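# Coordinates in review
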Amino acid sequence: MDSLFACPICGEGLCREAGRYACPGGHSFDIAREGYVNLLPANRQHSKAPGDDGEMTAARTRFLSGGWYSPLREALCALVERYAPERPALLDAGCGEGWYTAALAQVSAARGGRTAGVDLSKPAVKKAARQCPNGEIAVASVYHLPLGDGSVDVLTDCFSPLGLEEFYRVLKPGGIFLYVVPGPRHLWELKSVLYENPYENEEKREEYSGFRYIEVVPVETSFTLPGPQAIADLYRMTPYCWKTPKEGARRLAELNTLSLTGQFRIHVLERL
């Protein structure tokens with residue numbers, strides 16, 4: 001069966017066979033029992049275990065499964081329904097544990113399309129493969145995507161690194177790029193607990209070479225986390241976890257509930 005993936009060694013298209021992916025050049029990549037494939041060459045690994053570790057992946061999985069970010073997922077799916085052509089090839093770049101990917105794959109499949117997801121983290125990719133059994137999931141870097149030139153109709157990036165040159169390369173002319181970033185007051189209440197003087201995120205619309213803006217879609221939601229575990233899970237999946245003063249972390253750990261604002265911006269761009 002033809003795959004959306006291409007060989008990371010020679011660039012030839014891959015075919016999915018029983019238990020492996022293979023290319024015409026003779027390169028072969030085993031499919032793990034969870035259903036994913038590792039397409040990250042050893043010479044592109046910067047550590048023995050790149051990407052998010054198992055603990056962070058577990059925290060994000062627990063948090064997202066609570067449905068707190070469902071409005072964002074629904075908005076992404078609605079944009080795919082609006083902009084994707086029939087039989088789209090969709091790539092979720094930096095797919096994590098696949099919570100968004102699984103929903104996007106359903107929309108793509110309903111239009112006769114296919115979906116692939118890539119992430120640097122093996123623990124995350126294992127979960128993504130289980131959540132998205134009808135998609136193709138691979139360990140890979142967004143800066144070296146294992147896909148052919150002009151092979152993708154829709155590319156999504158939800159809080160993941162911006163591999164803009166690679167996104168341009170793999171998108172077809174006229175392809176759609178959905179880029180999710182935090183709004184100015186995203187998780188403001190969390191930041192107010194952690195920091196004495198919290199600041200808003202910068203609201204900006206950058207012009208990216210090779211792309212043109214179609215629209216910026218705001219998504220906002222309010223929710224209350226019901227206990228210390230959910231609060232800790234959210235904290236662990238944010239960048240604040242690595243740079244919070246000890247006093248701020250202590251204040252957060254003392255909370256039993258936390259009401260929050262989720263504020264997102266979906267930048268919708270077209271590849272020229």
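A few points on the structure. (Residues numbered from 1 in each chain as written. Predicted model: local features only at pLDDT ≥ 70, side-chain atom pairs only at ≥ 80, totals over all residues. Heavy atoms only, no water.)

As a further point, take the pattern of salt bridges. Pairing of side chains with opposite charge becomes possible as their charged atoms draw close. All told, the structure shown has 18 salt bridges when counted by the stated rule. One salt-bridge network, in which partners are shared between bridges, spans Arg33, Glu34 and Arg130. (Salt bridge = Lys/Arg side-chain N within 4 Å of Asp/Glu carboxyl O.)

Strand order across the open sheet formed by 8 strands is β5-β8-β7-β6-β9-β10-β12-β11, with mixed pairing between neighbours. Looking at strand neighbours, the two that pair on one side only are β5 (37–38) and β11 (211–225), the edges of this open sheet. Where helix α4 (residues 122–131) meets the sheet, it contacts β5, β7 (114–119) and β8 (136–139), and its direction lies at approximately 170° from that of β8. (Pairing = 2+ DSSP bridges. Helix = DSSP H or I, 4+ residues; strand = E, 2+ residues; numbered from the N terminus. Contact = heavy atoms within 4.5 Å. Axes fitted to C-alpha atoms, helices over the stretch in contact; angles between N-to-C directions.)

Moving on to unusual backbone geometry. Note on backbone geometry: most residues besides glycine have negative phi, and most peptide bonds are trans. We note that arginine 87 has phi near 50°; this positive angle belongs to a residue other than glycine. Tracing the backbone through its elements, the reader meets arginine 87 in the loop between α2 (70–83) and β6 (89–93).

The next point concerns the sheet that holds strand β1 (residues 2–6). Overall, antiparallel pairing links the 4 strands, which are arranged β1-β2-β3-β4 in an open sheet. Bordering the open sheet on either side are β1 and β4 (28–30), each of which pairs with just one other strand. Strand-to-strand twist of the sheet, defined as the mean angle between neighbouring strand axes without regard to direction, takes the value 30°. In the sheet, β1 pairs with strand β2 (residues 13–17) via 2 bridges, with the strands oriented antiparallel. Directly across from alanine 6, in β2, lies its bridge partner glycine 13.

Residue placement: cysteine 132 occurs in the loop between α4 and β8. Judged by relative accessible area, which is 4%, cysteine 132 ranks as buried. Beyond its immediate chain neighbours, meaning those up to four positions away, cysteine 132 contacts Thr101, Ala102, Ala105 and Ile137. (Buried < 20%, exposed > 50% of the residue type's maximum accessible area, 1.4 Å probe, protein only.)

A separate point is helix α1 (residues 54–65). Working note: α-helix, 3.6 residues per turn, so residues spaced by three or four point in the same direction. Look at α1: 16 Å from first C-alpha to last across 12 residues, which is about the 16 Å you get at 1.5 Å a residue. All of the buried residues in α1 are Met56, Thr57, Ala59, Arg60, Phe63 and Leu64. Down the axis of α1, the buried set is contained in an arc of 160°. They therefore lie on one face. Turned more than 90 degrees away from the buried face of α1, the exposed residues are Glu55 and Ser65. Taken together, the buried residues of α1 touch α3 (99–110), α4, β11 and α7 (228–236). One or two positions beyond α1, positive phi appears at glycine 67, with a value near 80°. (Expected span 1.5 Å × (residues − 1). Arc of directions from axis to C-beta.)

Attention now goes to the nonpolar core. Membership of the largest hydrophobic core comes to 42 residues, with the highest contact counts inside it found for Tyr69, Leu76, Leu178, Leu190 and Ile266. The element best represented in this core is α2, accounting for 6 residues. With near-sequence residues (within four places) excluded, leucine 190 lies in contact with Leu234, Thr238, Tyr240, Leu252, Leu258 and Leu260. Counting 33 residues, the second largest nonpolar core, distinct from the first, contains Leu4, Tyr21, Leu147 and Phe177. (Core = buried A, V, L, I, M, F, W, Y, C linked by side-chain atoms within 4.5 Å.)

Moving on to the packing of α1 against α4. It is the contact of α1 with α4, at a shortest axis distance of 8 Å, that shows an interaxial angle of 40°. Classified by the angle between their axes, α1 and α4 sit oblique to one another. Within the contact between the two elements, α1 uses Gly54, Thr57, Arg60 and Thr61 and α4 uses Pro123, Ala124 and Lys127. Partitioned by chemical class, the residues of the contact of α1 with α4 number 2 nonpolar, 3 polar and 2 charged. (Parallel < 35°, antiparallel > 145°, perpendicular 65-115°, else oblique. Nonpolar A, V, L, I, M, F, W, Y, C, P; charged D, E, K, R; others polar.)

Bringing the pairing of β7 into the picture now. Burial analysis of β7 places 5 of its 6 residues in the buried class, which makes it a mostly covered element. One ladder, built from 5 bridges, connects β6 with β7; its direction is parallel. What sits directly across from leucine 91, in β7, is alanine 116. For the crossover from β6 across α3 to β7, the handedness is right-handed. Pairing of β7 with β8 involves 4 bridges; the strand directions are parallel. For aspartate 119, the partnering residue across the bridge sits in β8 and is valine 139. (Right-handed = clockwise from strand over helix to strand, strands pointing away.)

Structural measurements only, silent on function.
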